[in-house]
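This is what each chain is made of:
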Amino acid sequence: MSIPDYMQCAEDHQTVLVVVQPVGIVPEEEFFRIYKRIASINQVSIRDSQRLLYIRYRHHYPPENNEWGDFQTHRKVVGLIAVTTCNSAKEWPQTSERFHGQKEVFGPTLYDSRLLVFGLQGEIAEQARTDVAFYSSYDKCEDVEKRVEDFVESIFIVLESKRLDRATDKSGDKIPLLCVPFEKKDFVGLDTDSRHYKKRCQGRMRKHVGDLCLQAGMLQDALVHYHMAVELLRSVNDFLWLGAALEGLCSASVIYHYPGGTAGKSGGRKPSVSQAADAGKRHRPGAQEVLIDPGALTTNGISADTSSEIGRAKNCLSPEDIIEKYKEAISYYGKYKNAGVIELEACVKAVRVLAIQKRAMEASEFLQNAVYINLGQLSEEEKIQRYSILSELYDLIGFHRKSAFFKRVAAMQCVAPTIAEPGWRACYKLLLETLPGYSLSLDPKDFCKGTHRGWAAVQMRLLHELVYASRRMGNPGLSVRHLSFLLQTMLDFLSDQEKKEVTQSLENYTSKCPGGMEVIALPDGLKLPPVPFTKLPIVKSVKLLNLPVSLRPRKLKGLLGQNMATKSPFIYSPIIIHNRGEERCKKIDFQWVQGDVCEVQLMVYNPMPFELRVENMGLLTSGVEFESLPAALSLPAESGLYPVTLVGVPRTAGNITVNGYHTSVFGVMSDCMLDGLPGVKTSGCVVEVVPALPRLQLSTSLPRSANSRQPSSGEEPSSSVSVQLFNGESQQLLVTLENIASEPLETLEVTSKMVNTKEKVFGEFLTWDLDGALSQLPLKPGQTVVLTVNIKVKLDFSGQENLFQDLNDDGISVTGLPISSPLRQVLKPRAENKPMGTESGKPEYNQVKMLEAVLHFKYSGGQGQVEGYYRELSLGVHVDVEPSVFFTRVSTLPATSTRQCHLLLDVFNATEHELTVSARNNQDVVLHASECQRRGGEREAM
């Protein structure tokens, strides 16, 4: 026997073998539909008896295995059911002839046979025959199961007669010697009259009767016969048949202890009523093998009545002894080269029993022995089957990694070089089945949960094999998915050279079939989830950015309270729940505006040893309609944290949630969700988008400041202008406002505020007339309005000294005038009033003073105005004021009238330009740069 049955289990010794085969041309689908109905009759309760007959069906059975039917009767084909299609009476003779030819294949061992004919109608079909059943079609065969039950009962009748015939053999000492095929030539010329030969014949026949009893449902009788056979065969060192007797004893004991079977869920059997009742009567563990009294035997060693042996001892082995006897039987089988299949199947049966007993280590020893059993030259298909069954058995005992190893060996065997047409699909399917054994899942989410599980080197090897197998299958999309998975999940374990090789391979694949985020469904129902590249690049933080100050929406104060109803009434709560998901869903305290560009900043870095190009990188959002504006970036090799700003435009109002980002790397499109990014810091991802507002762009007639100074109020102006004026000079500033949004400008307010100055300003610094601008409202998109702002500077350049100085040699005190006297030699400067930071020797009148103010433009319009929102644009005005004219000396002289006096003024030009000073009497005085002249005039006495 060269073809093992890896599905065998101990309870199969109790079954009779029936082969179901097609005769002639039968549609495969129809045949297996009938086969399943036939195979459903796997046990039949015999009439007028409490016994059950178990049936094992096979649709293919090697005839050479049938030759071992005397050695173990469950290997003998005792029934044949043929299924055929016959459409006319002319075809019937040929069909009948084929059926008889099929019977001749198993002829010597068949107890009975049946032919199921489909499609034939007429006179032939109306004939009543026990061995043939006619049906008009495959759909009209309601009584198939009933005919199969009748067929099984006929088999039982023959089986029972053979059991009784063997057990009551009255032929004296002439018991035939049962042989296995390879033994027949060894017994030629032996002395058949020797006692040793007779005992051999008796032992083998006793073992054979035990098999028949077990099949006939007489468990206790079978146990007794097996015990007696063991003693007889042991005495003559008939090791092959002794092993068979021990295996039969083990099988009968297993059937008694485990009525549910050892084949697992798929092949389990329902215990009979009698077995269920006996289950509570099993003797305690440790019961030993029974020694049968030789006096109970007849002269030929076969006793018809075994009731005395049953009553004398408990014949069933304990669970522990079952395994010991299996070991002994396998050791005897191992002595015979031609019994390799029997040895292998015995190992498989023992493993299934040990799996039920949860004795995994001992089961692994049996499997290890099975691995090294030499079965001669096996075909590639048989090798694949052998390794697959070893894998299933290792999985059965919980050795999952060992199971995966043999499953992978079976997969490689499918594409062995000796196979003309390699089975890459079968190879791929088997490789997928190895994944759980290597702690490998094809879902990238499973690799975000803590530490890495399994051996990364083995996992990478397996993934490479999946990539290659899928490519040879002609499925490049599958290759891209597996290669993407390898790069994403095994990135930390790849060397720099391996990273380059994997990415090059990936780019080659994606050039023909780009990778995406769709779920790939395999023919067997398995679905491969998408693999987003969350590590290319690695994102460490996500921050939603506020709009620039000039674009931020502001709520009118009168409407602020309308949104307070949903807030908590408590000012402070000591309960703070630190939940990552809640942090991400937390609403941010600023708003975006519909139609305006919004920004999200990501801090990323490149873990690859080469430059990483990321294309089509944009935001993934939900809640409102959002237009993402993709970006492309190039990150240097193994870069540090690198800021990346992603932008987009919300097209509707509402609450928007930033869920993640999308990228295209190495030709693979990825949707990376923030929930799937480990260790990402974020301050919240939900922000309110307010309705659209107008947007003003500001331009001025004066040059903009190179360095905008930030006012002390903390509000940085949108832009600023600077101008240099002399004290008392005026300047016009033209401010042009253009509406560059899609909403009309409907309201406009202008205010100003002085900042960063301690100087006393005389008069209005900034003035304007807003009526002309308001008359042009509403301002449609693209239109402009011009506002004229007048700048006038009047400062006090009297310095830091007291204004009440004695400026007259005659002791006359003049007060109330903005006078500075840096040139007076008699002036006594006060140290405590000396200007800070003034260089010694530098004239004080060269000091430049600074004025700063901010113009605020408050405006609104469109739907945003309806909701109570507005914007504020600010313009900083920076003026450097230089001194112009000083009165350095003031004195008085008496006039002719007591009611008048002469006032003398020394006028000094502090500029670098020529000045003209005009008086009331229209007498102009021209002063050159740094020139001082004295002017006089009559004044009424006070």
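Here goes a summary of the coordinates provided. (Residues numbered from 1 in each chain as written. Predicted model: local features only at pLDDT ≥ 70, side-chain atom pairs only at ≥ 80, totals over all residues. Heavy atoms only, no water.)

### Some words on the overall build of the chain
- If you tally the helices and strands in the chain, you get 21 helices and 33 strands.
- A burial count over the chain gives 47% of its 942 residues as buried.
- Counted over contacts in the chain with a minimum sequence separation of 6, partners at least 24 positions apart contribute 74%. (Helix = DSSP H or I, 4+ residues; strand = E, 2+ residues; numbered from the N terminus. Buried < 20%, exposed > 50% of the residue type's maximum accessible area, 1.4 Å probe, protein only. Contact = heavy atoms within 4.5 Å.)

### Some thoughts on helix α5 (residues 195–215)
- Across its 21 residues, α5 extends 30 Å between first and last C-alpha, which sits within 8% of the 30 Å expected from 1.5 Å per residue.
- In terms of burial, α5 is a largely internal element, 17 of the 21 residues being buried.
- At the C-terminal side of α5, G217 shows a positive phi close to 85°. (Expected span 1.5 Å × (residues − 1).)

### Focus on the pattern of salt bridges
- All told, the structure shown has 29 salt bridges when counted by the stated rule.
- Here R37 and E145 are joined by a salt bridge, their closest N and O atoms 2.9 Å apart. In this pair, R37 sits in helix α1 (residues 28–39) while E145 sits in helix α4 (residues 144–167), placing the two residues 108 residues apart along the sequence.
- Taking the relative accessible area as the measure of exposure, R37 reaches 24% and is therefore partly exposed.
- What makes E145 partly exposed here is its relative accessible area of 22%.
- Overlapping salt bridges bring together R47, K146, D150 and E153 as one network. (Salt bridge = Lys/Arg side-chain N within 4 Å of Asp/Glu carboxyl O.)

### Topic: the sheet that holds strand β26 (residues 784–792)
- An order of β21-β23-β26-β25 is seen for the four strands of this open sheet, with the pairing classed as antiparallel. Lying at the two open borders of the sheet, with one neighbouring strand each, are β21 (696–700) and β25 (766–768). Across the sheet, the axes of successive neighbouring strands diverge by a mean angle of 30°, strand direction being ignored.
- Sheet analysis places β21 next to strand β23 (residues 730–739), joined by five bridges and oriented antiparallel. Bridge pairing in β23 places L696 opposite N739. (Pairing = 2+ DSSP bridges. Axes fitted to C-alpha atoms, helices over the stretch in contact; angles between N-to-C directions.)

### So, the packing of aromatic side chains
- Under the criterion given, the structure shown has 19 aromatic pairs.
- Each ring, one from F31 and one from F32, has its centre 5.1 Å from the other, and the planes form 75°; the classification is edge-to-face.
- Their ring planes at 80° and their centres at 5.1 Å tell us that F71 and W241 sit as a pair that is edge-to-face. Here F71, found in the loop between α2 (63–66) and β4 (77–85), pairs with W241, found in helix α7 (residues 239–257); they are 170 residues apart in sequence, far enough to count as distant.
- Overall, W241 belongs to the buried group, its relative accessible area being 0%. (Phe/Tyr/Trp six-rings, centres within 6.5 Å; stacked < 30°, edge-to-face > 60°.)

### What to know about the environment of F406
- Following the sequence through the fold, F406 ends up in helix α14 (residues 400–413).
- Along the primary structure F406 and Y387 are separated by 19 residues, whereas in three dimensions their C-alpha atoms are 5.5 Å apart.
- Filtering out sequence-adjacent residues up to four positions away, F406 remains in contact with V371, Y387, L390, S391 and Y394.

### Overview of the pairing of strand β12 (residues 598–605)
- Every second residue of β12 is oriented toward a common face, the buried set being C598, V600, L602 and V604 and the non-buried set E599, Q601, M603 and Y605.
- When strand β9 (residues 538–545) meets β12, the two strands line up antiparallel, connected through seven bridges. Residue pairing across strands places L544 opposite V600, the latter belonging to β12.
- Inspection of the sheet shows β12 paired to strand β16 (residues 642–650) by seven bridges, in the antiparallel sense. For M603, the partnering residue across the bridge sits in β16 and is P643.

### A closer look at the sheet that holds β16
- The five strands are arranged β14-β16-β12-β9-β19 in an open sheet whose pairing can be described as mixed. Edge positions in the sheet fall to β14 (626–629) and β19 (681–682), since each of these pairs with one other strand and no more.

### Things to note about the nonpolar core
- Y428, L487, L536, W592 and L602 are the most contacted members of the largest nonpolar core, which has 83 residues in total.
- Ranked by residues supplied to this core, first place goes to helix α16 (residues 456–472) with seven residues.
- Beyond its immediate chain neighbours, meaning those up to four positions away, L536 contacts L487, L491, P607, M608, L612, V665 and F666.
- Judged by nonpolar contacts, the second largest core, of 73 residues, contains F187, A244, I323 and V341. (Core = buried A, V, L, I, M, F, W, Y, C linked by side-chain atoms within 4.5 Å.)

### Quick look at the environment of V593
- Its place among the elements puts V593 in strand β11 (residues 587–593).
- Assessed through its relative accessible area of 0%, V593 is described here as buried.
- Sequence separation of V593 and L551 is 42 residues, and the distance between their C-alpha atoms is 8.4 Å.
- In this view, V593 contacts L547, L551, P553, P650, V689, V690, P691, A692, L693 and R871; residues no more than four positions away in its chain are not counted.

### With respect to helix α12 (residues 360–371)
- Helix length check: α12 (twelve residues) gives 16 Å between terminal C-alpha atoms against 16 Å at 1.5 Å per residue, within 8%.
- Structurally, α12 contributes buried residues whose contacts are with α10 (319–333), α11 (340–357) and α13 (380–396).

### Focus: the packing of α13 against α14
- Viewed as axis vectors pointing N to C, α13 and α14 meet at an angle of 165°, and their least axial separation amounts to 7 Å. Taken as axis vectors, α13 and α14 run roughly antiparallel relative to one another. Helix-helix and strand crossings are classified by hand; for α13 and α14 the assignment is left-handed. Mapping the contact onto sequence places E380, K383, I384, Y387, S388, L390, S391, E392, Y394 and D395 in α13 and H400, K402, S403, F406, K407, V409, A410 and Q413 in α14.
- Considering only residue class, the contact of α13 with α14 consists of seven nonpolar, five polar and six charged. (Parallel < 35°, antiparallel > 145°, perpendicular 65-115°, else oblique. Left-handed = near helix turned anticlockwise from the far one by under 90°. Nonpolar A, V, L, I, M, F, W, Y, C, P; charged D, E, K, R; others polar.)

### Remarks on the side chain of R200
- If you trace the backbone, R200 turns up in helix α5.
- In this structure R200 comes out as buried when scored by relative accessible area, which is 14%.
- Once residues lying within four places of it in the same chain are set aside, the contact partners of R200 are L177, F187, L233, V236 and D238.

### Here's the deal with the packing of α10 against α12
- At their nearest, the axes of α10 and α12 sit 12 Å apart, and the two run at 15° to each other. It follows that α10 is roughly parallel to α12 by the angle criterion. For the element pair α10 and α12, the recorded crossing hand is left-handed. Along its contact with α10, which presents I323, Y326, K327 and I330, the element α12 presents E362, F366 and N369.
- When the residues that make up the contact of α10 with α12 are grouped by side-chain class, the tally is four nonpolar, one polar and two charged.

### Details of the side chain of H662
- Looking at where H662 falls in the secondary structure, it is placed in strand β17 (residues 654–665).
- Those residues in contact with H662 that lie beyond four places of it in its chain are N616, M617, G618, L619, L620, S628, S670 and D671.

### Examining the environment of K527
- When you line up the elements, K527 lands in strand β8 (residues 527–528).
- Ignoring sequence-local partners within four residues, the contact set of K527 consists of V519, I520 and A521.

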